Amino acid sequence: MTRVFLILATLTSFILAACTAGNDGSSSGAGVYRIRNEERVQFRMLDSVNALREAAGSQPVQLNAKLNAAAATHSRDMSVQNRPWHFGSDGSSPLDRIARVGYTGSLLGETISETYENEVQTLTAWMEDSSTRAVIMDPKAVNMGFSWFQEPNGKIWWTLVMAD
């Protein structure tokens, strides 16, 4: 487990460079993380998850566009509802959301978060909880969906989906 946290600490140091200014170059305020380089966030999370899975002897996962879409929809919807939970404002479950985007595999789990932290800090928190760690480290996982929605105040709603 120490090795896992060392990997996360190293990855965090690389991510901190993205914590400075807002996407428009303006000051983001003290202590408020603003996502920059949005096109790289999913790949940084994928690399971090796969490093953890490799350290544990599990096979890597790959990003799946359909699962990313389901995660993005849920992240925005959690913001609208102003609560982190697994059900959409229309009553949808994670199973419903992956079916809506046309994913034909099986859902293994979903992890969610409401935070002001970056993706690596969020992954660290998920790894410290046994139930969310089990989703991320599920040996049956082949595909991952990951997305977020950031509100103007800086709050970020994160969603990660694992499937076979």
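Residues numbered from 1 in each chain as written. Predicted model: local features only at pLDDT ≥ 70, side-chain atom pairs only at ≥ 80, totals over all residues. Heavy atoms only, no water.

Chemist: Looking at this structure, how should I read the environment of arginine 53?
Modeler: By secondary structure assignment, the location of arginine 53 is in helix H2 (residues 38–55). The spacing of arginine 53 and methionine 137 is 84 residues in sequence and 6.0 Å in space, taken between C-alpha atoms. Sequence-distant contacts of arginine 53, that is, excluding residues within four places in its chain, are made with Ser58, Gln59, Pro60, Val61, Ile136, Met137, Asp138, Pro139, Ala141 and Met162. From its side chain, arginine 53 meets the backbone oxygen of glutamine 59 in a polar contact 2.7 Å long. (Helix = DSSP H or I, 4+ residues; strand = E, 2+ residues; numbered from the N terminus. Contact = heavy atoms within 4.5 Å. Polar contact = N/O pair within 3.5 Å; in protein donor to acceptor, adjacent residues only side chain to side chain.)

Chemist: Any chance you could explain the confidence of the model for the protein chain here in plain terms?
Modeler: Residues shown with low pLDDT carry predicted positions that ought not to be read at fine detail. The predicted model of the protein chain averages 83 in pLDDT, with 80% of residues at 70 or higher. Ranking the elements of the protein chain by mean pLDDT puts helix H1 (residues 2–15) last, at 41, and strand E1 (residues 62–63) first, at 98. Taken as a whole, residues 1–29 scores under 50 in pLDDT and shows 44 contacts with residues more than four places along the chain or in a different chain. (pLDDT = per-residue confidence, 0-100.)

Chemist: Sorry if this is basic, but what is going on with the packing of aromatic side chains here?
Modeler: Given two aromatic rings, one states the distance between the centres and the angle between the planes to describe the pair. The tally for this structure, following the rule as stated, stands at three aromatic pairs. A centroid spacing of 6.4 Å and a plane angle of 40° characterise the contact between phenylalanine 146 and tryptophan 148, whose relative ring orientation is tilted. You can call phenylalanine 146 buried: its relative accessible area is 0%. You can call tryptophan 148 buried: its relative accessible area is 15%. Between the aromatic rings of phenylalanine 146 and tryptophan 158, the centroid separation amounts to 5.5 Å while the plane-to-plane angle is 10°, which identifies the pairing as stacked. (Phe/Tyr/Trp six-rings, centres within 6.5 Å; stacked < 30°, edge-to-face > 60°. Buried < 20%, exposed > 50% of the residue type's maximum accessible area, 1.4 Å probe, protein only.)

Chemist: Sorry, what's going on with the sheet that holds E1 here?
Modeler: Strand pairing in a sheet relies on backbone hydrogen bonds, with the paired strands running either antiparallel or parallel. The four strands lie next to each other as E1-E3-E4-E2, forming an open sheet whose pairing is mixed. Strand pairing shows two members of the sheet lacking a second neighbour, E1 and strand E2 (107–115), which therefore form its edges. Across eight bridges, E2 lies against strand E4 (residues 156–163) in antiparallel orientation. Opposite threonine 115, over in E4, you have isoleucine 156 as the bridge partner. Strands E1, strand E3 (143–150) and E4 of the sheet are contacted by H2, whose axis makes an angle of about 135° with E3. Here helix H5 (residues 119–128) sits on the sheet in contact with E2, E3 and E4, set at roughly 120° to E2. (Pairing = 2+ DSSP bridges. Axes fitted to C-alpha atoms, helices over the stretch in contact; angles between N-to-C directions.)

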